[in-house]
Amino acid sequence: MRVLLVGSGGREHTLAKLLLRSTREPRLYVASDYANPGLLREAMSSGGRLYTVNTADPQRVAKVAEEVSPDLIVVGPEEPQFAGVVDALRDRGYAVFGASSRCSLIERSKVFARTLMWKYGIPGRLYFKAFRSLEEAAEFLRFAGDVVVKPARQAGGKGVRVVRDTRAYLSTDKFEVKAQAASRIYEELSRYRDSDYKVLVEQRVEGVEYTAQVITDGSCVLPLPLVQDHPHAFEGDLGPETGGMGSISGPGVTLPFVTYDEYVTTGDIVKQVLERLQEEVGDRYVGAFAGQMMLTALWGPTVIEFYSRFGDPEIANLLPRIDGDFLEVVERTVSGRLAGAKLSVRGDVVSVVKAIAPAGYPSGKEEASGHPVAVDEGKIRELGCDLLYASVIAGSDGYLYTKGSRAFEVVCYADSYAEAYRLSELAVGYVRSLDGWPLFYRSDVGSPELIGERARLAERVRKVYTYRASRGLSWRTVVWIPGRGIVDDPLLSYTGWSK
Amino acid sequence: MLALQHRGEERRIVCSRAGGEVTCRDLESWSPRDLSVRVAVAATYSSGSLENLVVCDGTVAAVADRRSRYLEEVVEEVSKAVNRGATWRALGEVLEQFSGVDVPTFLAVTSRDELVAWRTPSGLTPLVVGGYGFDLLIASSESSAIEVLDADVRRHLGPAEGVYTSGSYLKFFRAGGGPARGLCAFELLYTARHDAVVDGVAVYKFRKSLGWELSKLLASEVDVVVGIPETATPYAIGLSQATGKPFEVAFVPTAARSRSMMKLDPLERLVAVHLKLNPVRSSLEGRRVAVVDDSMVTGATMRSVSQMLRLRVGVREIHLLIASPRLVRNCPYSVFELSQDHLIAANLDYESIRAYLEVDSLAWLDLESVERVSRTFHCNLCGFCLGRESLGGGR
């Protein structure tokens, strides 16, 4: 069996490993933007090969497919989906696992995603307002209170500005921050031609984040265990937002700070969205889908955004946590027979994934690029951990060089977080810089302290949302504006009426 | 001025004679070292606009404790009398003409270095006279200011009572008549400092007694009692003593204390409120909390408090008790300049207020309790804004 995998990073390396576990001994071919050494090795060892190609170019990827003539194609990242790579491959008759460009709108356009939830009254939705022009956005922000300013289009998680504005003595300065964020986003998004809306202003919520990933063939939805990502670059949830610096999963299908009821509610939200999305765009959803969720005081499980693919590094947690033939599941998904698929979760196992990135990531990719690094993969394996190659390439001199983003991910597991954490901390030690350029990772990911902290925050939030629900206040935010009456617009500043 | 800044601190004004004329200046530009000044009147205001609060025509300068269009008329008449060379008795007769008119309590200085302090005949706002050694007479809205100056409180002036002095002569007098309205209830409920004695009533004791009354309204079991920053503390202590539930410090204020209710601009009011509200998490986390506030105007403060208690602190339940009756009418005497459509209790029903504030329960002190406590303290209060003309029924 020939499988073509499209994509270049740690997520695809995980997918490659999962697919190659199959008893059907597939040959793996990879269409990748660069020669990721991990992917290259997986491909070669299975008797396949790696093609270096612009993965967001439908024609080029289709050409690779023609050459490989695969039985199955798996498209990992979102940008090829947005660009129509999946569509082009399906048009040519290939069996493809991955959201079509129409279905991937759920990730590409946050305005579309939010509007869909409001249109069908799906729980877990947030108030938002979207703007095409910077002037409109700036004018609105003048009256906005506690908000998040986001790019209206998926832009690799960058540009999101959370402006907690609950202290009136800071509100004048915070307006400046909001306006500045809007103008940066506007600039950033002007290079994308596929989004009218540029700036999204959204109700700010706080709580515990987690990712709910599923696989779907369009009618059947196969839920995967919840994962918690750590988007901040640095320890203590400090620093800029990244693609994810590490993640944890387990035990069971949930996380230590998410209840089973919350897991079920989350699953319902994801299912409803998938159903409505397919109706709305008139296309079948085949592939992976994920809800980036947050447990909030407003709703309990609340949607922050959606992914039309597996999360990275979220997917890496599945390596040690699922049993069963992943390739078969993918195949059944593509042929619309997911209903009978078996994928069992190792409930007693918890996993800790950590990304290692060169200093400079995520804002200064240039300075973070081109640094020689070494990894002792044998030692990592001795610990029972896995190593994933991400943004790293092999130079002609045989050394590995950073490409500016997260270079490696280590995946460790055990029957307790204390142990999985200990192993992950040892594993990251086997990645080192050869030119003295600092590499960083988050030592707190998976630590019992951080998990305990999340649990306390979740408990606090849980108290509020259950109280609100008991009072019929779920999602409703009652704001009284003297002289005007009660309004239901939480985006308005508590001081908005005074300005 | 510091001792009275809780009554407003937007503008601080000093009026005194300089040369042949009296003038008024902002405190910042006034030199207290000028030893030729024998009499000065001063006031601190919550409003930047001094219209109808300070009047000065070169002969007489007066500072009043609330806006009134009659202040100008009074000053005009006193000024004419001074220019005629009138005696103190004649000045009293001038004031007499204003019987039945809503003149505010004021302090005036003349170009002859006289001081006239007069409490409004309706008795709405207080006036206290104190002395320091052999030298100094101090008249103030609040006894605390006199004590803070290390002087002694000598006399609480009653409605229509005043004091006149020219330095070589001093006389207490009574001028003007008409119906006594009673003391503004908010003087005892909110405005005065806890350490003040107003018309002979110890403010702290009065507030604690109302706190005891609050215990009857507490429908639900609580673990702790807290007061919303400083003004509600005695009520909360009263409630705590009545229920046997511990009183805890819930918030720590940042920087100088400032009276949020005195701010007219809503943003400024919230700035003042939020500066008072850094929560003490350890005293409240996971608890059922009785939150006591002295009054509720727009509810904006309470909403900030409840959001903070739930999201930042993580309390289990919030039971809000307001230590004064519902504010339902605006004050026609301009003691508080709040318009009726800004009074939450006058505009929203119980359920809407509860939903807006996100509290588990909510109760205002009832008029009967205030009536009862006022009677115990022998005071007669104006409760117009609370929906009742008079509370306590005379002394």
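Everything quoted here is computed from the prediction, not taken from an experiment. (Residues numbered from 1 in each chain as written. Chains lettered and ligands numbered in written order. Predicted model: local features only at pLDDT ≥ 70, side-chain atom pairs only at ≥ 80, totals over all residues.)

Let's talk about the overall build of chain A
Note the threshold: Numbering of helices and strands runs from the N terminus, with a helix taken as a DSSP run of H or I at least four residues long and a strand as a DSSP run of E at least two residues long. We take the radius of gyration over the C-alpha atoms and set the globule estimate at 2.2 Å times the residue count to the 0.38 power. Note that contacts rest on C-beta atoms placed from the backbone: two residues are in contact if these are within 7 Å.
For chain A, the helix and strand inventory stands at 16 helices and 29 strands. Against the compact-globule benchmark of 23 Å for 499 residues, chain A has a radius of gyration of 22 Å, which places it among compact chains. Along the longest, intermediate and shortest principal axes, the C-alpha atoms of chain A span 75 × 50 × 45 Å. Pairs at least 24 apart in sequence give 69% of the contacts found in chain A among residues at least 6 apart.

Observations regarding helix 8 (residues 300–313) of chain B
Residue and element names in this part refer to chain B. What counts, and what does not: What a helix should span is 1.5 Å times the count of its residues minus one. Whether a residue is buried, exposed or partly exposed follows from its count of other C-beta atoms within 10 Å of its own C-beta, namely 20 or more, 12 or fewer, or something in between, respectively; the C-beta atoms are built from the backbone.
Between its first and last C-alpha atoms helix 8 spans 19 Å; for 14 residues at 1.5 Å apiece the expected length is 20 Å, and the two agree. Looking at helix 8, one finds that the buried residues are Ala300, Thr301, Met302, Arg303, Ser304, Val305, Ser306, Leu309, Arg310 and Val313. With its phi angle positive at about 85°, Gly314 sits one or two positions after the end of helix 8.

Here's the deal with the domain arrangement of chain B
Residue and element names in this part refer to chain B. Going by this rule: Residue ranges for the domains trace back to a domain assignment, done automatically or taken from a database. Under the scheme applied, nonpolar residues are Ala, Val, Leu, Ile, Met, Phe, Trp, Tyr, Cys and Pro; charged residues are Asp, Glu, Lys and Arg; polar residues are all the others, including Gly.
Per the domain assignment, the segments of chain B are domain 1 (2–180) and domain 2 (184–391). The C-alpha-based centres of domain 1 and domain 2 are spaced at 32 Å. Between domain 1 and domain 2, the contact holds 17 residues from the first and 21 residues from the second. Classifying every residue of the side of domain 1 that touches domain 2 gives two nonpolar, nine polar and six charged.

Thoughts on the sheet that holds strand 20 (residues 288–293) of chain B
Strands in a sheet are paired, the pairing made by backbone hydrogen bonds, and the direction either parallel or antiparallel. Residues and elements named next belong to chain B. In plain terms, the rule: In this description, strands pair whenever DSSP reports at least two bridges between them.
The five strands lie next to each other as 17-16-20-21-22, forming an open sheet whose pairing is parallel. Looking at the sheet topology across the chains shown, the edges are occupied by strand 17 (247–248) and strand 22 (361–364). Strand direction decides the pairing type here: strand 16 (residues 224–227) and strand 20, joined by four bridges, are parallel. When the sheet's bridge partners are listed, Val225 is paired in strand 20 with Ala290.

Section: helix 12 (residues 326–334) of chain A
All names here are of chain A. Taking burial as the measure, the nine residues of helix 12 include eight buried ones, the bulk of the element. Within helix 12, the full set of buried residues consists of Phe326, Leu327, Val329, Val330, Glu331, Arg332, Thr333 and Val334. Where helix 12 is buried, its residues contact helix 1 (10–20), strand 4 (72–75), strand 5 (96–97) and strand 10 (207–216). Once helix 12 finishes, Gly336 follows within two positions and takes phi at roughly 75°, a positive value.

Regarding the pairing of strand 24 (residues 400–403) of chain A
Working note: regular strand, side chains alternate between the two faces of the sheet. Residue and element names in this part refer to chain A. Across three bridges, strand 21 (residues 369–375) lies against strand 24 in antiparallel orientation. Considered in strand 24, the bridge of Pro372 is made with Tyr401. Bridge count for strand 23 (residues 392–394) against strand 24 is three bridges, and the pairing is antiparallel. From the neighbouring strand, Val392 faces strand 24, where its bridge partner is Thr402. Remark: five residues form the turn of the hairpin made by strand 23 and strand 24, two consecutive strands paired antiparallel; Gly398 in that turn has positive phi of roughly 90°.

Comments concerning the domain arrangement of chain A
Domain annotation for chain A reports domain 1 (2–98), domain 2 (127–203) and domain 3 (207–448). A straight line from the C-alpha centre of domain 2 of chain A to that of domain 3 of chain A covers 28 Å.

Section: the confidence of the model for chain B
One rule of thumb: low pLDDT means the predicted coordinates there are not for detailed reading. Going by this rule: Confidence of the predictor at the level of single residues is captured by pLDDT, which takes values from 0 to 100.
For chain B, mean pLDDT is 88; residues scoring 70 or higher make up 95% of the total. For this predicted complex, the interface confidence score (ipTM) comes to 0.72, while the overall pTM stands at 0.82.

Some thoughts on the pairing of strand 7 (residues 147–151) of chain A
Residues and elements named next belong to chain A. Of all the five residues making up strand 7, five are buried; the element is thus mostly covered by neighbouring parts of the structure. Residues Val147, Val149 and Pro151 point to one face of strand 7 and Val148 and Lys150 to the other, with burial holding for every one of them. In terms of strand pairing, strand 7 meets strand 8 (residues 161–163) through three bridges, oriented antiparallel. The residue of strand 8 that forms the bridge with Val147 is Val163. Alignment of strand 7 against strand 9 (residues 199–203), held across five bridges, turns out to be antiparallel. For Pro151, the partnering residue across the bridge sits in strand 9 and is Val199.

Looking at unusual backbone geometry
All names here are of chain A. The omega torsion across Gly250 and Pro251 is -5°, close enough to zero to call that bond cis. As for its placement among the helices and strands, Pro251 is situated in the loop between strand 15 (246–249) and helix 10 (260–281). That bond from Asp312 to Pro313 is cis: its omega, 20°, falls within 30 degrees of zero. As for its position among the elements, Pro313 is in the loop between strand 17 (300–307) and helix 11 (318–321). Positive phi is not limited to glycine here, since Glu25 has a value of about 45°. Structurally, Glu25 is set in the loop between helix 1 and strand 2 (27–32). Assessed through the 10 C-beta atoms surrounding it within 10 Å, Glu25 is described here as exposed.

Structural notes on the packing of helix 1 of chain A against helix 2 (residues 37–45) of chain A
All names here are of chain A. As a reminder of what qualifies: Where helices are involved, their axes are fitted lines through C-alpha atoms of the stretch in contact, as for all axes, and angles between N-to-C directions lie from 0 to 180°. Here roughly perpendicular refers to angles of 65 to 115 degrees, roughly parallel to angles under 35, roughly antiparallel to angles over 145, and oblique to all remaining angles. Crossings are assigned a handedness: left-handed for a near helix turned anticlockwise from the far helix by less than a right angle, right-handed for a clockwise turn.
Packing of helix 1 against helix 2 leaves a shortest axis separation of 9 Å and a crossing angle of 20°. By the angle between their axes, helix 1 is roughly parallel relative to helix 2. In terms of crossing hand, the pair formed by helix 1 and helix 2 is left-handed. Contact residues: helix 1 offers Glu12, His13, Ala16, Lys17 and Leu20, while helix 2 offers Gly38, Leu39 and Glu42. Residue classes in the contact of helix 1 with helix 2 are distributed as three nonpolar, two polar and three charged.

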